[in-house]
Every structure is written in C-alpha cells, then in structure tokens.
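The chain contents come next:
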Amino acid sequence: MPLQIESFEAYRSAQKKSKHNPEQFWAEIANHFDWQRPFKEVHSGKMEDASTRWFGDGQINITENALDRNLRERGDQIALHWEPNDPNSEGQSFTYSELHRTVSQFGNAMRAMGVKKGERVVLYMPMVPELAIAVLACARIGAVHSVVFAGFSAQALSDRIEDAQASMVITANAGRRGAKTIPLKATVDEALKENQSVQNVIVKSVTSDPCFMDTSRDVWWKDAMLSTEPLAPCSAEIMDAEDMLFILYTSGSTGKPKGVVHTHGGYTVYAGYSFANVFQCQPGDVYWCSADIGWITGHTYIVYGPLLQGGTTIMFEGIPTFPDPGRYWAICEKYKVTQFYTAPTAIRALMACGDEHVERYDLSSLRVLGSVGEPINEEAWHWYHEKVGHSKCPIVDTWWQTETGGIMISGLGNLSPQKPAHAGYPLPGIHPVLVDPEGNTIKDNGKEGLLCIAAPWPSMIRTTYGDHERCLNTYFRPFPGRYFTGDGAKRDENGMYRVIGRVDDVINVSGHRFGTAEIESALNQTPGVIESAVVGYEHEIKGQGIHAYVICEQFPSESESIEMAKAAEGQVILGIGKIARPDRIQFVAGLPKTRSGKIMRRILRKIASGDFDQFGDTSTLLDPSVVDEIVDKAKRLI
Ligand code: WTA
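Keep in mind that this is a model prediction, so the values were computed, not measured.

Colleague: What's the story with helix α9 (residues 264-279) in this structure? I'm lost.
Modeller: Between the first and last C-alpha of α9 there are 22 Å, a value that for 16 residues agrees with the 22 Å anticipated at 1.5 Å per step. Among the 16 residues that make up α9, 16 are buried, leaving the element largely enclosed by the rest of the structure. Q280 occupies a position one or two residues after α9 and carries a positive phi of about 50 degrees.

Colleague: Which parts of the structure should I look at to understand the packing of aromatic side chains?
Modeller: Any aromatic ring pair is given by two values, namely how distant the centres are and how the planes are angled relative to each other. Under the definition given, this model contains 39 aromatic pairs. For the ring pair F152 and W295, a centre distance of 5.9 Å and an interplane angle of 65 degrees mean the geometry is edge-to-face. One end of the pair, F152, is in the loop between β6 (144-147) and α6 (154-164); the other, W295, is in the loop between β14 (286-289) and α10 (296-308), and 143 residues separate them in sequence. With relative accessibility at 8%, the residue F152 sits in the buried group. Seen in terms of ring centroids, W288 and Y328 are 5.1 Å apart; in terms of plane orientation they differ by 80 degrees. Their pairing is edge-to-face. Here W288, found in strand β14, pairs with Y328, found in helix α11 (residues 327-335); they are 40 residues apart in sequence, far enough to count as distant. With respect to class, W288 is no different from Y328; both count as buried. Through successive ring pairs, a cluster of aromatic residues spans F25, W26, W35, F39, W54, F55, Y270 and Y273.

Colleague: What am I meant to see in the environment of Y249 here?
Modeller: Inspection of the secondary structure assignment puts Y249 in strand β12 (residues 244-250). Looking at Y249, the relative accessible area reads 8%, which means it is buried. Spatially, the C-alpha atom of Y249 lies 22 Å from that of P375, the residues being 126 residues apart in sequence. Dropping the residues within four chain positions of it, Y249 is found in contact with S146, R160, D163, A164, P257, K258, G259 and Y465. A polar side-chain atom of Y249 sits 2.7 Å from a polar atom in the side chain of D163.

Colleague: Before we go on, may I ask you to explain the pairing of strand β10 (residues 200-204) in this structure?
Modeller: Regular strands place side chains that alternate from one sheet face to the opposite one. The buried count for β10 comes to four of five residues, which makes it a mostly enclosed element. Direction of pairing for strand β7 (residues 168-172) relative to β10: parallel, over a ladder of five bridges. Among the inter-strand pairings, A172 is bridged to a residue of β10, identified as K204. Bridge analysis of β10 against strand β11 (residues 218-220) gives three bridges, and the strand direction is parallel. Within the sheet, the bridge partner assigned to I202 lies in β11 and is V219.

Colleague: Honestly, the environment of N440 in this entry has me stumped. Any pointers?
Modeller: With respect to the helices, strands and loops of the structure, N440 is situated in the loop between β19 (432-435) and β20 (448-453). Remark: the alpha-carbon pair of N440 and T268, spanning 172 residues in sequence, is separated by 33 Å. Filtering out sequence-adjacent residues up to four positions away, N440 remains in contact with L434 and V435.

Colleague: Quick question: what am I supposed to make of the site of the ligand here?
Modeller: Lining the immediate surroundings of the ligand are 17 residues, of which D397, T398, T402, D487 and R513 lie closest. Note that a nitrogen atom of the ligand is positioned 3.1 Å from one of the backbone N or O atoms of G373. The side chain of D397 places a nitrogen or oxygen atom 2.8 Å from a nitrogen atom of the ligand. When the ligand sits alone it has 520 Å² of accessible area, and the protein chains cover 96% of it. For the shell around the ligand, the secondary-structure elements that each account for two or more residues are α10, β18 (395-398) and β22 (497-502). The class makeup of the residues in the shell around the ligand is six nonpolar, six polar and five charged.

Colleague: Where do I start with a negative patch on the surface in this structure?
Modeller: Together, E162, D163, E194 and D467 line one region of the surface with negative charge. Within the element layout of this structure, D163 appears in helix α6.

Colleague: What is the right way to read the pairing of β22 from this model?
Modeller: Alignment of strand β21 (residues 483-491) against β22, held across five bridges, turns out to be antiparallel. Bridge pairing links R491 to Y497 in β22. The antiparallel hairpin formed by β21 and β22 contains five residues in its connecting segment, where G495 sits at a positive phi of about 85 degrees.

Rules used in this analysis
- Residues numbered from 1 in each chain as written.
- Predicted model: local features only at pLDDT ≥ 70, side-chain atom pairs only at ≥ 80, totals over all residues.
- Heavy atoms only, no water.
- Helix = DSSP H or I, 4+ residues; strand = E, 2+ residues; numbered from the N terminus.
- Expected span 1.5 Å × (residues − 1).
- Buried < 20%, exposed > 50% of the residue type's maximum accessible area, 1.4 Å probe, protein only.
- Phe/Tyr/Trp six-rings, centres within 6.5 Å; stacked < 30°, edge-to-face > 60°.
- Contact = heavy atoms within 4.5 Å.
- Polar contact = N/O pair within 3.5 Å; in protein donor to acceptor, adjacent residues only side chain to side chain.
- Pairing = 2+ DSSP bridges.
- Near = heavy atom within 4 Å.
- Areas by Shrake-Rupley, 256 points an atom, 1.4 Å probe, with all protein chains shown as cover.
- Nonpolar A, V, L, I, M, F, W, Y, C, P; charged D, E, K, R; others polar.
- Patch = residues over 30% accessible without salt bridge, like charges linked within 9 Å, V, L, I, M, F, W, Y side chains within 5 Å.
- Salt bridge = Lys/Arg side-chain N within 4 Å of Asp/Glu carboxyl O.
- Lys, Arg positive; Asp, Glu negative; His and termini not counted.
- Charge placed at Lys NZ, Arg CZ, Asp CG, Glu CD.

See the structure below:
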C-alpha cells in the first residue's frame, strides 16, 4: 500500500481494510518510515485505561525520518523558507542539508550543556527559524520539547515550566509581530523567579533590544553554537517508539491546562501519513501553514509533517494584516505556494478588509486550501474558495485536536467530495462514532451527537503529563472503549461529518482553546471580586467571544465599573495572556445557580448570545429573579 492514496476508491478500500485488519493496515503505513529497530508488535493495550501502545518494541527517532532520510535524495532541496515579519528585510532558506547541519550543531550544543534524553525543555519563542531548529534538536537528542505559545503570560509560562519540571528554557530577547515588539526574555525571567528546575536558558537575539542576562544561567544562542564543532555529527538518540517526543499544554473543561503527551513512534507515523494524504503534496510543491508552532497545528503541519514527507515548508514570523491585509497573498505569490493552510478566523478577518487585497496577487500556483481550528462558516468557505482559490482549489476542512496529534476528519486534496462547512470523511484508519449522552451509538445519518473515536490510532494522546487519572477521566471514561473528543457533530445523509463545536466548558477564540475555569480563576484574583462565570458567544471574526459575568463584594457604580473591569481584565492578562482577554465584562449581583450550587451556564450562554427569552426549565434555580437582573444589564451591554 503506498503512503499516499491516489483516488477516492483507493480511500474507500483503505478505510475498509483498516476496519477489518487494523494491525496490518497500520504496519504497512509504519513501514514507510525508517526504524532504528523494526517493530514486531503493532498495537497493544486498551482504550479503556489509555494503556495503548503503538509499535511498542520498535525504535525510531523522528528526526532521522524528517532530516537524514531526505539527505539521500533531496539534500539540496529547500526544506524550510522563513519569511520575516517585515517584508523588506531579508528572509532565510535552509536546504535539507543545511537544516540537518544546523539542527545537529544545536543538538550538540544542548548536549554539551548537559541536556539528557527524557529531560523536558520549554521553548518560548517567536516564529523564527531557531524555533523549528530547537524543536528538531530536542527530538534529535531525545529531550522532550514543550513549546509554549509566546503570547502566554509569565504566570502561564511558569505553570507549564513547573508542571513539566523543565531543565532548560529556550527563548529570544524579543519577538516581532506587525508593528509591535514583544519582550520575551523579561517574561521568562519573571516566570523563573521561584523556579528550581531550570538550569540554563538559551537566548536567541532576534531584535536589537537589550535584555537582562543572568550569567550563571543564561547563554546566547550564538555562543552556545560557537562552543561546538560546527560540522560534528549529532547522533540521533535511540528512542523507543513509546518514548515521549513532546508535551503540549492545552485547555480543558476544568482546572489548569494539561500537558498532552505524544511519542516518537506513533506520532511520526501519523504526522507523516496524514500530511501526505490531506495535502496531496507532490515533489516540487511549496506548502505553507500560517499557524504558530506554539499550537499543535504548527507542530504537526509546519515542522514534522512536511519534513517527514520531504516537502518544502514555510514559516512566517508576522501577522496577516501587516503591513497590510494583502500579506498572506503576497507570500503565496512570492513563494508560489501550492498548498495553503490557515484558520477560519484569519479568513473572516481578511474577508472583512475587502477583496482588493487578495485580487492584487497572482494566486495561480495554489492547488489545495486548508482550514483548521474551528468550524468554518459557509460565507467564509465561499470567499476562501472563490476569492483565494478561484473556484479551482478544493478546501480541506481539517478537524482534529491537540490530543489527536494529527488530522482526523478531512477531505484528501481534490480526491474527496466537498461540502461547505463539513469536514467530511475520516482519514483511513480513523473510525468516528456519534453517541447520545448515555453512550448509545447513533447509527442513522442526519443526526447530531457527541463525537467519539471508536478505535485507537497511532498518534492518540498517551497521557496528560504527570496525571494519568485526568487523562482517563477526560477522554476515556465518559464512554468506555472510546475516545471522547468533547465536540458535538452531525453526520449528513452521505455520512459526511460536520463538527459543530465544543459541548464542554472549552471556548474557542480565534481558534485558540481556553477553559472557562482558567479564565474564571484569573478573574477571581481581582481584588474585590467574589465570583465569576465565563461563557462563549458567537463572534463574527473570532468565532467565539468571551463574555464574563462578575460578582463583586460591592456592586460597582457606573464609574467604578470601568476601573473594576480594567482590573479584572488585567488579571486575565497576568494569569493567561492578552489572547484570553474577555470581550465583555458584565457585573452582576448574582449568578443563576441550582439549589446544589451549580451555575446554570446554559442560561448565561443564551443571554450572552442575545437570546433573552426562552430559558427552558428554570424551576431548579435557587433564585430565578437573578436572571431578570442579568438580562436587563446584558441588553444594555450587548
Ligand atoms: C475545534 C486544533 C470544527 C474543535 C487542531 C476541537 C474544529 C478543537 C476544527 C481542538 C474543524 C478544530 N471544524 N472544529 N475543522 N478543527 N476544531 O486542540 O472544537 O487547539 O475540539 O487543535 O478545535 O483545538 P486544538
């Protein structure tokens, strides 16, 4: 079986095969990769207790597949183009040989500083090539990378460093985003104030801004590199298939963000396989994903997927609207991009800026357009299809999650039928089911249900770092024998899936996941605030906006509430970062609670979405009059 499927019939038969003989199916796919020691066992363990293991007796290092293997046939081909924030400054391009050499040199530098296999390294960096290099160097030497999006606050960064017990942090003095410069090293210093685990910080100088360096701990990237022999080989650490590759923190319904764990073997196989099939890249193609490596999309589909397939990938430092809203299309034209992958929020934002920005550019190189992160609404789908793809490019609406490691439901390039706002069919080997709240399988098409995955796949979450119980409770216990996604979905009469959105207390703002609980806990730190409840509401550009209901010790007057809202907002910025700033803060005297003290979020969601009457059954409310009071104020706020 080839790695890349070539027709929809071939897709159908691969899917059938994966159902009847999953072990043989996955073994054939896995054998397309280079193993340090071949596996005999394909899969073991159970979904029930998340003890699943893939290729468990095999050994593999993802970087030998992403780098070394490509040296043989395409050492001089560009592996990575880096497009800087400022279109007038110089970019950078790395051939596979150059990338291999640079990763090796940095891997050696990390080894020389004492980083060992299994140690956790936190990366807090802007979108510069050194981020991809550091990711790959960690994997090379068997260190576990944990990239933290550079928009997170010192507190959020510190929580992640602490949870991972990282021994090293890699950062930059500052990052550039559009016209702004964001100090990063200062944030790291703040985050490390009470830290005991971190031995060294490596700092890449990205801008000319000075930053504080603690000589006992901090080393410039340049000096770390200089301390090694530039051409010395860097042996790829021998990795058991189930050894950890990375931890990526993501938000859930409750508590603090959890560290999703992925492993070398299963992740290599599924990242390479899904990339090859969804984007249908051919030799010579130039693929661009506009995500940030701080999120899973950047891990799997900027760095690993494209390199595993021997492709050319682009990394962009900036933002879609700088210096003007034509920037994405300028980049597509400049590099003759063939596959472009972005988020609905970016499409909607650019759509709102006017067609003239996209019409100015030659986009004839584009062949496949991708969407990820949230449901794409029909209007945005059509604009993307017509204005960007000139009605000739299929749109692959890719549904997946940090926990799934790779794309689960999506069209495969131009092979699959398309339907606006529908992710479509699962990838071969992926077996989704819809269930009702009691866990009964919904067999009929045309119905809505809770989206689960019925069979294990290689890149499924292994655990939540340091807390396996939490992993079980969140994903594997709600519906025994299945992985529960937290999403609601609908299957149409042809079996195509449309993912509707989260059914839990996770909100998706511009494609970024936040738990309502983590925002509430930040809000509750505000002096004078007693309690808060946060819900999402439909937002034209961001997909969802954040509406916070806040109770204060003393109900603030009109003028006090401006100050109070600012203070509450400040707490969210401190606790999480600007990206989680509430769009609306509404002060309330009480929250709709049941007699057992549970907040009825259903009502709060309705109010936030401007739906002020039909609240359904409110008879279990302790004090139904609070609802009227909230509605009254919301009417004025919205
Ligand atoms: C949502 C991002 C509809 C979904 C890769 C999921 C989507 C969450 C889609 C995961 C899509 C992602 N259509 N919804 N094509 N893609 N989602 O972990 O709610 O940041 O559960 O992974 O985003 O977000 P995460």
